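Commentary on secondary and tertiary structure
Below are the chains, spelled out letter by letter.
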Amino acid sequence: MNTNEFMKQIYAYEKELGNSENILKGDLLKEEEREFISENSNAFLFGLIADQSVKAETAWSLPYKLKERMGTFEIKDIVSKYSMDNIQQFIKDKPALHRYPTNIGKYLYLAAEKIMNEYASNAKNIWFNQPAKIIVKRLEDFKGISHKKASLACLLLIRDMNLNIEDKENVDIIYDIHIRRIFLRAGFCEKDTLKDVVEGAKKLYPEFPGYLTSAFWAIGREICRPSNPCCDKCPIREFCKKQIELGDNIHA
């Protein structure tokens, strides 16, 4: 496959998409919610943790709404003034801020403790001046952050927050249900495993495989659907093996 031509199609598709699905630059969040996670590293980490089993706009608006309910977002205040039960209740109060307030509240409280004790109360110290391999490992040490979320964080930090990370080759594509379906159907991998999908992405764009996440996610959600995919509208159709029978039974 001509990888240069493949990436041209990806770039063109992303240009067409614009920022419509972009958390930090699009319109999914209110301006004050978007600014909060963009300017406050701790809020960014909380949004990342909350990004689980809910819409992206629900997860990433949670930090701002939680701040409004708590009356503070200083990490030391969160740990000293409130208990884990308090945080869970803040999330649970109607209208609930998350589908799973108990688990997310627990993860956020533990994250606040970890940030205070290990990163001088500032999540920015997790990734500042660090290579991607270290950032991913540090993020995965937080309860509620999987490899998938850690990879997403690296992508957002590089793409939308202008963080200079040199080893972009260590930022993996996200092992997401839409992306997995495309990889099987297109023949970019033979098995639906994290290892196979990650290695397939590295072959497509070895310099920065994680960069493919946004375009592939959008293609999977809007075009390469589980049933009745719109192959004629797909920007990478000329590179696809069109194994449409594969991937329609993938589960999260």
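Report follows, based on the coordinates. (Residues numbered from 1 in each chain as written. Predicted model: local features only at pLDDT ≥ 70, side-chain atom pairs only at ≥ 80, totals over all residues. Heavy atoms only, no water.)

Things to note about the overall build of the protein chain
- A tally of regular secondary structure across the protein chain gives 13 helices and zero strands.
- When the helices and strands of the protein chain are placed in sequence order, the string is α-α-α-α-α-α-α-α-α-α-α-α-α.
- Relative to the 2.2 N^0.38 estimate, which gives 18 Å for 252 residues, the radius of gyration of the protein chain is 19 Å and therefore close to what a compact globule would have.
- If one aligns the C-alpha atoms of the protein chain with their principal axes, the spans along those axes are about 55 × 40 × 30 Å.
- Summing over all exposed atoms, the protein chain offers an accessible surface of approximately 12,700 Å²; the carbon and sulfur share of this is 45%.
- Counting 38 positive and 37 negative side-chain charges, the protein chain places the averaged centre of each group 3 Å from the other. (Helix = DSSP H or I, 4+ residues; strand = E, 2+ residues; numbered from the N terminus. Rg over C-alpha atoms; globule rule 2.2 N^0.38 Å. Areas by Shrake-Rupley, 256 points an atom, 1.4 Å probe, with all protein chains shown as cover. Lys, Arg positive; Asp, Glu negative; His and termini not counted. Charge placed at Lys NZ, Arg CZ, Asp CG, Glu CD.)

Brief notes about the packing of helix H2 (residues 31-39) against helix H4 (residues 56-70)
- Between H2 and H4, the shortest axis-to-axis distance is 8 Å and the interhelical angle comes to 95°. Here H2 lies roughly perpendicular to H4, going by the angle between them. Contacts from Glu32, Glu33, Phe36 and Ile37 of H2 reach H4 at Trp60, Ser61, Pro63, Tyr64, Lys65 and Lys67.
- For the contact of H2 with H4, the per-class residue count stands at five nonpolar, one polar and four charged. (Axes fitted to C-alpha atoms, helices over the stretch in contact; angles between N-to-C directions. Parallel < 35°, antiparallel > 145°, perpendicular 65-115°, else oblique. Contact = heavy atoms within 4.5 Å. Nonpolar A, V, L, I, M, F, W, Y, C, P; charged D, E, K, R; others polar.)

Regarding the pattern of salt bridges
- Inspection of the entire model under this criterion finds eight salt bridges.
- Between Arg159 and Asp160 there is a salt bridge, and its shortest N-O distance comes to 2.9 Å.
- Assessed through its relative accessible area of 11%, Asp160 is described here as buried.
- Between Lys202 and Asp172 there is a salt bridge whose closest N-O contact spans 3.9 Å. On the criterion of sequence distance, the pair formed by Lys202 in helix H12 (residues 194-204) and Asp172 in the loop between helix H10 (147-159) and helix H11 (177-186) is long-range, its members being 30 residues apart.
- The exposure class of Lys202 is partly exposed, given its relative accessible area of 35%. (Salt bridge = Lys/Arg side-chain N within 4 Å of Asp/Glu carboxyl O. Buried < 20%, exposed > 50% of the residue type's maximum accessible area, 1.4 Å probe, protein only.)

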